[in-house]
Every structure is written in C-alpha cells, then in structure tokens.
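The lines below spell out each chain.
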Amino acid sequence: MYIIVVGGGNVGYGLALELQQLPDYEVTIVELSGSRASALRDELGEMVVHGDGSEIAFLEGVGARRAELLIAVTADDGANLVTAQVARHWFKIPRVITRVNDPRNEALFRKLGVDSIVSASDAVMAQIEATMPEHTLVPLMALESAGLRVVSMRVQAGSTAEGKALRDLTLPTGVLITIVITPDGALAPDGSTVLRHGDEIIAVIPREADETLRAMVTGAHPDDGRS
Amino acid sequence: MPQSFSGVHSILVPVDGSEASYRAVAVAAETAKRAKAHLHLIHVIEVPRSIPLDAPLEGELQRGEAYLERAEQIASEHGVSVEGDLVQARQAGHAVVDEGVERGVDAIILGIDYHRPFGRFELGRLPQYVLEHSPAQVWLIRYPAPDAPRR
C-alpha cells in the first residue's frame with residue numbers, strides 16, 4: 001500500500017516512524033519547509049520529499065495517482081483542506097485522513113466532504129472523558145461519510161437501560177449496539193441481552209442520537225454535558 | 001594518484017554510463033589492485049514516485065546492464081575482476097551511501113563531469129549527497145572538460 005503523508009511536523013514524523021515499520025507499506029512524507037525536510041531526510045532517508053503537498057503538479061510527481069491513502073497533517077488547516085480536496089476529487093485517492101487544528105474548522109471540513117477528520121481537541125477530550133466515564137459517551141471513531149460515530153458508554157446504576165433487555169429499550173433511530181463488554185468478556189448482543197451496571201457498550205450511532213442515548217445508558221440529563 | 005592506500009580495503013564506484021564514471025572505475029581498479037582491496041560497482045536506476053519502486057523497467061535495466069558490462073571490462077583491463085549490481089531507488093545518492101554502508105566500504109570513488117549549466121560550475125546532486133552523507137572516504141575524479149583549453 002502506498003501512503004502519502006503531507007506535513008513533516010511532529011505528527012507526520014511520528015506517523016512515518018510507525019508506518020515505515022509495517023511490511024508492504026511504502027510511505028512518502030511531503031514537507032514544505034526545506035530545512036525541516038532536510039533534517040527529516042537525514043533520519044528517515046529518501047521517503048522524505050521537499051515540496052508543497054497542496055499543489056496538483058507536485059502531488060502528481062510523488063505518485064498521488066497510485067496512492068491508496070493520503071494523510072494531511074500540517075499545522076495549517078487551510079493547507080490540509082486544500083490537500084484533502086485535491087487528493088479526493090482530482091486524484092480520487094480512496095482514503096483521505098485530515099487533521100483539524102482549530103475545532104471551529106471542523107464543520108467546514110465536513111461540509112466540504114472531507115471523509116475522515118482527526119481533531120486534536122476531540123482526541124484529548126475523548127481521553128479525558130474515558131478517565132471519568134460516569135456520565136459520558138466516549139467517541140472512538142468518526143465515520144464521517146455516513147454521518148456516524150463509534151462510541152463507548154458505561155451502563156450506570158439507576159439509568160433507564162440498567163436491568164433491561166435490549167429488545168425492551170426504545171433506542172434512537174439508527175443506533176446499532178455492536179458489542180457489550182461484561183465482567184465475563186465481550187459479547188455480540190441480541191435482543192435478549194440484559195444490560196447490567198458497569199457493562200460497557202460499543203455502539204455505532206448517528207450524531208443526533210448522542211444525547212438521547214447518553215441519557216438512556218448513563219442516566220445523565222441531556223443538558224449535563226458534552227459529547 | 002595517492003601512493004598510500006592505508007585503510008582502504010573496499011571501494012565502491014557508482015557507474016552511470018558517463019565517461020567520468022568509467023574513468024573513476026579505472027582509477028578505482030588501479031587502486032584496488034595496488035591496495036589489494038575489493039572493488040564494487042553499482043548502477044542506480046532512479047525510479048519516479050509515480051510508479052512502484054520495484055516496477056519492471058526493462059529499458060533502464062538493459063541500459064544499466066550495458067553500463068556495468070563496460071565498467072567491468074575496464075576493471076578487467078586493469079587486472080581486477082568485479083561484478084556490478086543494479087539497484088532501483090528513488091534517489092541515487094541515498095542508494096550509493098546505503099550500499100557503501102551495507103558493504104562496509106572504506107572509500108567511494110565518484111567520477112564527475114565538468115558541469116557549467118548556468119555559467120557556474122555545479123557538482124551535481126549525487127556527488128553533493130554522497131560527500132555530505134557518506135561515512136566512508138569520498139574521492140572525486142574530475143578530468144578537464146573535453147573542450148577545455150590546454151595550457
């Protein structure tokens with residue numbers, strides 16, 4: 001698999017270190033700054049290329065037409081957005097992952113059809129929420145093209161869901177509970193699966209179902225917090 | 001040519017089909033013979049990133065074989081038997097330095113042309129990279145330009 005990483009900052013560098021260890025992966029890192037590219041090349045070798053990853057001609061030259069994945073992780077949201085658009089619509093790269101530095105730009109990225117967005121603030125928030133899980137719904141993964149998210153929740157005592165079988169719960173439309181993790185291990189639930197206090201639920205949900213599901217499983221009031 | 005070759009037990013010469021690179025082979029072969037050193041030849045096919053690194057490049061492979069054959073012939077005329085290697089890489093400089101490190105060579109000998117593309121002498125990308133990054137000795141062989149006035 002051929003992967004192009006645009007942006008040789010700390011994120012791009014870390015990705016390159018991980019990806020180059022995987023067999024059958026070929027990685028090119030594109031870095032705009034000449035001095036940074038040179039420093040990276042000293043360590044990572046010929047996988048590093050100096051140039052502007054948002055330019056069509058340049059991306060053509062580094063093999064964007066045969067890339068299966070492009071990851072835009074510069075510190076510049078504008079550059080990331082342009083790179084993602086060019087990758088997606090000009091080169092038809094099947095998978096494009098984009099970093100959003102400023103959370104205020106997330107909506108714009110979504111509106112413009114960027115299918116996979118990584119937000120540093122969301123990632124940190126998920127880590128924080130995972131450490132105080134009483135009333136939280138932890139986003140694990142965004143499936144932007146389908147408008148869905150994979151989330152994790154823990155069933156709380158006294159919540160609507162506690163002690164009930166899944167078939168007896170009126171789940172919001174589009175919610176798919178895929179895994180229930182109990183003290184005995186993970187199981188693929190069916191309608192007869194009864195949720196107990198402390199069980200962890202992994203679910204695929206539409207974004208608009210966040211608050212209703214969180215209230216049902218954790219007992220939180222819809223206005224209690226964010227997700 | 002240096003009279004002392006202490007510490008030189010293994011030499012690498014990149015061959016690109018230029019007369020300068022063949023002259024470097026001749027110098028390297030003569031040096032290897034006197035120093036009883038091993039001689040290695042390499043031709044690097046630079047593969048554009050628009051195609052996979054291991055893409056079959058018949059034309060380039062045939063050309064590379066021909067370059068190496070001539071270089072081997074030159075070495076043989078100096079009494080040194082050697083077989084060259086063909087390598088596909090994104091950048092020749094990286095490949096030459098990597099090959100040198102992998103083979104543990106003590107010296108890389110480069111033949112360079114007399115380039116004055118914009119009225120100023122330019123070393124070229126490969127020598128520049130090898131000079132900067134090779135942990136081994138680097139010898140540059142530059143003969144006068146063919147049209148250089150004799151003094």
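Here the structure is shown first, and the text comes after it.
Everything in this summary refers to the structure shown in the same document.

Reading the values: the criteria
- Residues numbered from 1 in each chain as written.
- Chains lettered and ligands numbered in written order.
- Predicted model: local features only at pLDDT ≥ 70, side-chain atom pairs only at ≥ 80, totals over all residues.
- Buried ≥ 20, exposed ≤ 12 C-beta atoms within 10 Å, placed from the backbone.
- Helix = DSSP H or I, 4+ residues; strand = E, 2+ residues; numbered from the N terminus.
- Arc of directions from axis to C-beta.
- Contact = placed C-beta atoms within 7 Å.
- Nonpolar A, V, L, I, M, F, W, Y, C, P; charged D, E, K, R; others polar.
- Pairing = 2+ DSSP bridges.
- Core = buried A, V, L, I, M, F, W, Y, C linked by C-beta atoms within 7 Å.
- Axes fitted to C-alpha atoms, helices over the stretch in contact; angles between N-to-C directions.

The subject of this paragraph is helix α4 (residues 125–133) of chain B. All names here are of chain B. Listed as buried for α4 are Leu126, Pro127, Tyr129 and Val130. All buried residues of α4 fall inside an arc of 165° around its axis, so they share one side. Residues Arg125, Gln128 and Glu132 are exposed on α4 and point more than 90 degrees away from its buried face. Where α4 is buried, its residues contact β1 (10–14), α3 (92–103), β4 (107–111) and β5 (137–141).

Facing the nine residues of chain A at the interface are seven residues of chain B. Grouping the constituent residues of the side of chain A that touches chain B by class yields one nonpolar, four polar and four charged.

Residue and element names in this part refer to chain B. By the criterion of burial, β1 is predominantly enclosed, with four of the five residues buried. Sheet topology note: the β1/strand β2 (residues 38–46) ladder contains five bridges and is parallel. Across the sheet, residue leucine 12 finds its bridge partner in β2, namely histidine 40. For β1 and β4, the ladder comprises two bridges, and the chain directions are parallel. Note on β4: the bridge partner recorded for leucine 12 is isoleucine 108.

Attention now moves to the environment of isoleucine 56 of chain A. Residues and elements named next belong to chain A. Inspection of the secondary structure puts isoleucine 56 in helix α3 (residues 56–61). Residues isoleucine 56 and tryptophan 90 lie 34 residues apart in sequence; the distance between their C-alpha atoms is 8.0 Å. Excluding anything up to four places from it in sequence, isoleucine 56 contacts Val86 and Trp90.

Another aspect to go through is the nonpolar core. By size, the foremost hydrophobic cluster in this structure holds 36 residues, and its most contacted members are Ile11, Val13, Val25, Ala28, Leu39 and Val96 of chain B. Those elements giving two or more residues to this core turn out to be β1, α1 (19–35), β2, α2 (58–77), α3, β4 and α4 of chain B. A total of six residues in this core trace back to one element, the largest contributor, which is α1 of chain B. Setting aside chain neighbours within four positions, we find valine 96 of chain B in contact with Pro14, Ile42, Val44, Ile108, Leu126 and Val130 of chain B. Counting residues in hydrophobic clusters, the runner-up holds 30 residues, among them Tyr13, Ala16, Ala87 and Val96 of chain A.

What follows deals with the sheet that holds strand β9 (residues 176–182) of chain A. Residue and element names in this part refer to chain A. Strands sit in the order β7-β8-β11-β9-β10 across an open sheet of five strands; the sheet is antiparallel. Of all strands in the sheet, those bounded by a partner on one side alone are β7 (137–143) and β10 (185–187). Pairwise comparison of adjacent strand axes, ignoring direction, gives a mean angle of 20° for this sheet. Two strands pair when backbone bridges link them, and strand β8 (residues 148–154) and strand β11 (residues 200–206) are joined in this way by seven bridges, in the antiparallel orientation. What sits directly across from arginine 154, in β11, is glutamate 200.

The next point concerns the sheet that holds strand β3 (residues 84–89) of chain B. All names here are of chain B. Strand order across the open sheet formed by five strands is β3-β2-β1-β4-β5, with parallel pairing between neighbours. The outermost strands of the open sheet, each flanked by one partner alone, are β3 and β5. Neighbour-to-neighbour, the strand axes of this sheet turn through a mean angle of 25°, independent of strand direction. Taken strand by strand, α1 contacts β1, β2, β4 and β5, and its axis lies near 145° from that of β4.

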